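As a plain string of letters, each chain reads:
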2 protein chains.
Amino acid sequence: MEMIKNAVGRNIPSYVDGFGKTDPFMGVNKIEPSGRKAGAKLRMKKGRDTKLVSSLKEAIKLSGLKNGMTISFHHHMRNGDYTVNMVLDVIADLGIKDLTLAPSSLGTCHGPVINHIETGLITGIQSSGLRDPLGTAISQGILPKPVIIRSHGGRARAIEDGELHIDVAFIAAPSCDPMGNINGRSGKSACGSMGYAMVDAQYADCVIAITDNLVPFPNLPASVDQTMVDYVVEVDCIGDPKGIVSGPIRFSDNPRDLLIATNAVKAIVNSGFFADGFVYQTGAAGASLAVTSLLREEMLKRNIKGALGLGGITSQLVTLLEEGLMSGLYDTQSFDLDAVRSIGENPRHYEISASFYANPNLPAPAVNNLDFVMLGALEIDTDFNVNVMTRSDGVINQAIGGHQDTAVGARMSVILAPLIRSRIPIIVDKVTTVCTPGEAVDVICTDYGIAVNPNRQDIIKNFQAAGLPIRSIEELQALAENLTGKPDAVPFTDRIVGLVEYRDRSIIDIIYQSAE
Amino acid sequence: MEMIKNAVGRNIPSYVDGFGKTDPFMGVNKIEPSGRKAGAKLRMKKGRDTKLVSSLKEAIKLSGLKNGMTISFHHHMRNGDYTVNMVLDVIADLGIKDLTLAPSSLGTCHGPVINHIETGLITGIQSSGLRDPLGTAISQGILPKPVIIRSHGGRARAIEDGELHIDVAFIAAPSCDPMGNINGRSGKSACGSMGYAMVDAQYADCVIAITDNLVPFPNLPASVDQTMVDYVVEVDCIGDPKGIVSGPIRFSDNPRDLLIATNAVKAIVNSGFFADGFVYQTGAAGASLAVTSLLREEMLKRNIKGALGLGGITSQLVTLLEEGLMSGLYDTQSFDLDAVRSIGENPRHYEISASFYANPNLPAPAVNNLDFVMLGALEIDTDFNVNVMTRSDGVINQAIGGHQDTAVGARMSVILAPLIRSRIPIIVDKVTTVCTPGEAVDVICTDYGIAVNPNRQDIIKNFQAAGLPIRSIEELQALAENLTGKPDAVPFTDRIVGLVEYRDRSIIDIIYQSAE
């Protein structure tokens, strides 16, 4: 097997069984797209009948689903999702095999997928996220083909350029009318934005809406509309509300998270980019949430207003919008009840597709507008490469999400991470799996100080001018290793169980089967 | 030349110079689509710069526009549009020739296009509408290639299936931010819905926004968004507000129009389809507007509520929405200031693309939901075929709009027409140009009575049960001819100057050069 060392130093086989020919990662923004967008199958529905069919089984039969095809799901039901398991059970009844499962992400609730892999129903998976127990099973080699891990923008790009062709898209629909106009704003399974589903619905050859809240025509506004949906099926329940969105998430008063967040806000304020009209994204975890609250205080103090909050939207960003501190929100995924409420009532809280959010092959996805993004990490190496996919034992158990996309899009990408997590150092010589290349990672904020990527001398200069202490990443690594010792190398077999694509389709890393 | 008689009895040459091989019209819903949707050129914009360029000339140079390409415009600026003439003048300066002009429609304000035809800049035109003086010039043979006339749904279909490939789309933008997020809701050139532009922006290889109202990022909601727009140009003025939308259009108290409208409302009420949840479209001309007002009274009297008002939206439909008599509006084009206001503040007044509205190759465009549509006619023949494109002297001077699309989509299509117009009978043996096939035309309401297409025995039965007098179309024709005499045949040469496509791409009629 010919191996090519890619731009982050990983050896990539030129050909991988179950995937095909690979393009090694060559650095950010290196692959210019060619050709045209893919297109869904042209189809006509004569007459005025609704699209209601009597059962999921009937809809799947009508869809023409066959052995060897690819099916998709969106993950706005998050860990409350019932739809993937429900649909796979019906497909199993129908005796269909050899499908590729290509959802926008998968969670711990999708453990039953393992059974469908064992029966040969599922032979390939393409997803942004894979968590225990499914991630573990895949790391142990259960799946015939390697999984393909893509970022949210990479997945939209793959769908749009035809790399990922969806035969049948299943859309869990919190509200839906009999013509297939869907939104996520009402119903017991309300999820707010349907940004991931929008891409699937536009490009799939057949779209099946599955709803537990059939409402009268017309259901407006429609996030996915009647021009894309072929069949509508009513079921009892598409998800567990407790797992879909939470009540307002309060940021932790964990002093370590607060320390990290305080460092991050110092970094933002002194970056040179903190000015009226800035664009900002953060996550929904402890330290990230704290950043938004602390940043709000700095905005008020300095009388600075942002243009846009981006990404997964939480109560904290809704507050900024409602207080006039942000002039708009772009929402691909609503994380809490406040975000669901706001997207339903405020036209400046704007629902965008995953493609709009992060697809690199567009004359400007939203991530290109970012000034600041707060990101997490499982591991960071001294080249600033970040792993957000595999645990320190090498097992697949997380999600890339928008990490790759926002890191390169933002003027300053900030990784928030404790120096040590569960007695394991975060900063290592080489990350287990490179998900986001160091080239796109600008600042690391830990509870033990801040490191800046040496390729960002502009930021270093601004931090120094502001008297903000900077440590080298090697210093931070040494600090951690002093406390924990150097971690052991993780043993792998030589069987490939996963490929991590960079957002441009090239392969940034390979995941091998766990040796134990 | 081989000629084939199509399903409305017109002889269609199997090949037309400047068009190619033709498919004769075979009847409604006869051509099932095959293949896939076309796709815009994949393109990437690195970095965070805005899309502002210094001038229209600069934007056109950057677009790569070349001899032989196709350019598009939308007609929401209606007869106040400055954009088409402005862009063509710049293209003329650049010395580019042999372009196809493919706007969604053209009005009387586009007379200067004639000059650009004379210089060889424009060699082909594809449009829903062509009016004097351009229509006359084309009927006189000025254009090298025959014009292609399509309905709004047919144009969206042609763009989506690749028959009409747009190289550069020019979008007149009533409000636009520097990233290219556009809507029609504010600014001195506010037009409300941008439904036609949405299709062009999605499928064109390059999109140039031309705005007289540059607003701060992000401009939300975006009807055409930053993921589609390549360049943004600021100009003084994109249109004359007086020509774009009007103040509330009051329905005429012309007794003839009221008589026609009264007949139409009787037809609706007694059709058997007038029930809760009905879907309705009408136009913005005298009799059509009167229908909505009279219908409102019937709705109140009978306590019937509609689901949806559709199409070009006027103050009358906004009133129904705001009074709770309609549960939603689908808007491809806003005709008056009330409609512009409403689309900007009411999420149930929903902006839809021309494709959503009427593209036949979708699993349900909005026209398929129609119960009733009120349509106009220049001529109707005794086979119920309707001409909305050529005057009685055979000269091109109108627009197809959504006529073909709604006629077949609606459960009951109603033509509103006076029996005689300017001393010329409306009902003739053979219409000059078949635009909408009689097969899809159900009821004719005139000031002298109602005729029903014999293929709609269900409607005839319901009208008879209600005691509604019906006349045969031949009776109506005889009545008219008694008053005016039989019109003379119109003389044509044998040179083809236009093809009228049915919405499915087949040719429903040919327009020949005027003989005088």
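About the cut-offs
Residues numbered from 1 in each chain as written. Chains lettered and ligands numbered in written order. Predicted model: local features only at pLDDT ≥ 70, side-chain atom pairs only at ≥ 80, totals over all residues. Heavy atoms only, no water. UniProt positions renumbered as here; feature names shortened; annotations may be inferred. Helix = DSSP H or I, 4+ residues; strand = E, 2+ residues; numbered from the N terminus. Phe/Tyr/Trp six-rings, centres within 6.5 Å; stacked < 30°, edge-to-face > 60°. Buried < 20%, exposed > 50% of the residue type's maximum accessible area, 1.4 Å probe, protein only. Contact = heavy atoms within 4.5 Å. Buried area = accessible area lost by both parts, 1.4 Å probe. Salt bridge = Lys/Arg side-chain N within 4 Å of Asp/Glu carboxyl O. Polar contact = N/O pair within 3.5 Å; in protein donor to acceptor, adjacent residues only side chain to side chain. Nonpolar A, V, L, I, M, F, W, Y, C, P; charged D, E, K, R; others polar. Core = buried A, V, L, I, M, F, W, Y, C linked by side-chain atoms within 4.5 Å. Patch = residues over 30% accessible without salt bridge, like charges linked within 9 Å, V, L, I, M, F, W, Y side chains within 5 Å. Areas by Shrake-Rupley, 256 points an atom, 1.4 Å probe, with all protein chains shown as cover. Least-squares fit on C-alpha atoms with pLDDT ≥ 70 in both. Domains from an automatic or database assignment.

Looking at an unreviewed UniProt entry, chain A carries the name Citrate lyase alpha chain, with the source organism given as Treponema phagedenis. UniProt, in the comment section headed Subcellular location (unreviewed entry), describes chain A in these words: "Cytoplasm".

Asker: Before we go on, may I ask you to explain unusual backbone geometry in this structure?
Answerer: For residues that are not glycine, phi is negative in most cases, and the peptide bond is trans in most cases. A cis amide bond, omega -5 degrees, links F217 of chain A with the succeeding residue P218 of chain A. Inspection of the secondary structure puts P218 of chain A in the loop between β14 (206-211) and β15 (231-234). For the peptide bond that leads from L220 of chain A to P221 of chain A, omega is -10 degrees, which places it in the cis range. By the secondary structure assignment, P221 of chain A is in the loop between β14 and β15. At A364 of chain B, a residue that is not glycine, the phi angle is positive and equals roughly 105 degrees.

Asker: Even after reading the chapter, I still don't get the packing of aromatic side chains, so can you show me in this structure?
Answerer: Residues and elements named next belong to chain A. Applying the stated criterion across every chain yields a total of 15 aromatic pairs over all chains. Geometrically, the ring pair formed by F73 and F170 is stacked, given 5.2 Å between the ring centres and 15 degrees between the ring planes. You can see F73 sitting in the loop between β6 (70-72) and α2 (83-94) and its partner F170 sitting in strand β11 (residues 168-173), a full 97 residues away along the chain. An identical accessibility class is assigned to F73 and F170; each is buried. Ring centres of Y330 and Y350 lie 6.3 Å apart, and the angle between their planes is 50 degrees; on these two criteria the pair is classed as tilted.

Asker: Before we go on, may I ask you to explain the interface of chain A and chain B in this structure?
Answerer: Size of an interface, as often reported, equals the accessible area lost when the parts are brought together. With 60 residues of chain A at the contact, the number on the chain B side is 60 residues. The junction of chain A with chain B conceals about 5,300 Å² of combined surface from both sides, 53% of it contributed by carbon and sulfur atoms. Interface area lost by chain A to chain B is led by L42, R48 and P363 of chain A, which between them contribute 15%. The salt bridge involving E32 of chain B is made with K46 of chain A; its shortest N-O contact spans 3.2 Å. Counting the contacts that link chain A with chain B gives 40 residue pairs in polar contact (both at pLDDT 80 or more). Ranked by the residues each element gives to the side of chain A that touches chain B, the list is headed by strand β18 (residues 326-334) of chain A, at 4 residues. Taken together, the residues that form the side of chain A that touches chain B break down as 28 nonpolar, 16 polar and 16 charged.

Asker: What is the right way to look at the nonpolar core in this model?
Answerer: If you look at soluble globular proteins, the nonpolar side chains tend to sit buried side by side. Of all hydrophobic cores here, the largest spans 128 residues; its most connected members are I91 and I125 of chain B. In contact with I125 of chain B, not counting residues within four places along its chain, are T100, L101, L106, V113, I117, L130, L134, I138, L143, P146, V147 and I148 of chain B. Ranked by size, the runner-up nonpolar core spans 127 residues in total, among them V90, V113, Y203 and L375 of chain A.

Asker: Looking at this model, I keep getting lost on a nonpolar patch on the surface. Mind explaining?
Answerer: A contiguous nonpolar surface patch, about 370 Å² in accessible area, is contributed by M1, M3 and Y15 of chain A. As for its position among the elements, M1 of chain A is in the segment before β1 (3-5).

Asker: Is there a simple way to think about the relation of the copies chain A and chain B in this case?
Answerer: Each of the two copies of the chain can be brought onto the other by a rotation about an axis and a shift along it. Once chain A is rotated about the relating axis by 180 degrees and shifted along it by 0.0 Å, it coincides with chain B to within an RMSD of 0.0 Å. Both copies of the chain, as the preceding transformation shows, are related through a two-fold rotation axis. Relative to the rotation axis, the closest C-alpha in chain A is found at G39 of chain A, a distance of 3.0 Å. The residues that chain A uses at the interface reappear at the interface of chain B in 100% of cases, marking a shared surface.

Asker: Can you walk me through the pattern of salt bridges in this structure?
Answerer: All chains considered together, the criterion is met by 62 salt bridges over all chains. Measuring nitrogen to oxygen at the nearest pair gives 3.0 Å for the salt bridge that ties D429 of chain A to K486 of chain A. In this pair, D429 of chain A sits in the loop between β27 (427-428) and β28 (443-446) while K486 of chain A sits in the loop between α15 (473-484) and β30 (492-501), placing the two residues 57 residues apart along the sequence. Residue R150 of chain B is joined to E501 of chain B by a salt bridge in which the shortest nitrogen-to-oxygen separation is 2.8 Å. With R150 of chain B in the loop between β10 (147-149) and α5 (152-161) and E501 of chain B in strand β30 (residues 492-501), this pair connects stretches of sequence that are 351 residues apart. For the pair R150 of chain B and E501 of chain B, a shared accessibility class is recorded, and that class is buried. The network of salt bridges with common partners includes R150, R157, D161, E163, E501 and R505 of chain A.

Asker: I keep staring at the domain arrangement of chain A and nothing clicks. Help me out?
Answerer: Residues and elements named next belong to chain A. Taken as a whole, chain A is organised into domain 1 (51-244) and domain 2 (255-488). With centres defined by C-alpha atoms, the gap from domain 1 to domain 2 works out at 29 Å. Domain 1 puts 35 residues into the contact, and the matching count from domain 2 is 32 residues. Where domain 1 abuts domain 2, roughly 2,500 Å² becomes buried across the two surfaces, and 54% of that area is made up of carbon and sulfur atoms. Put simply, domain 1 and domain 2 have 1 salt bridge between them. Between E351 and R185 there is a salt bridge, with the nearest N and O atoms lying 2.8 Å from each other. Our count for the contact surface shared by domain 1 and domain 2 stands at 23 residue pairs in polar contact (both at pLDDT 80 or more). Taken together, the elements giving at least two residues each to the side of domain 1 that touches domain 2 come down to β9 (129-130), α4 (134-139), β10 (147-149), α5 (152-161) and α6 (195-203). The leading source of residues in the side of domain 1 that touches domain 2 is α5, at 6 residues.

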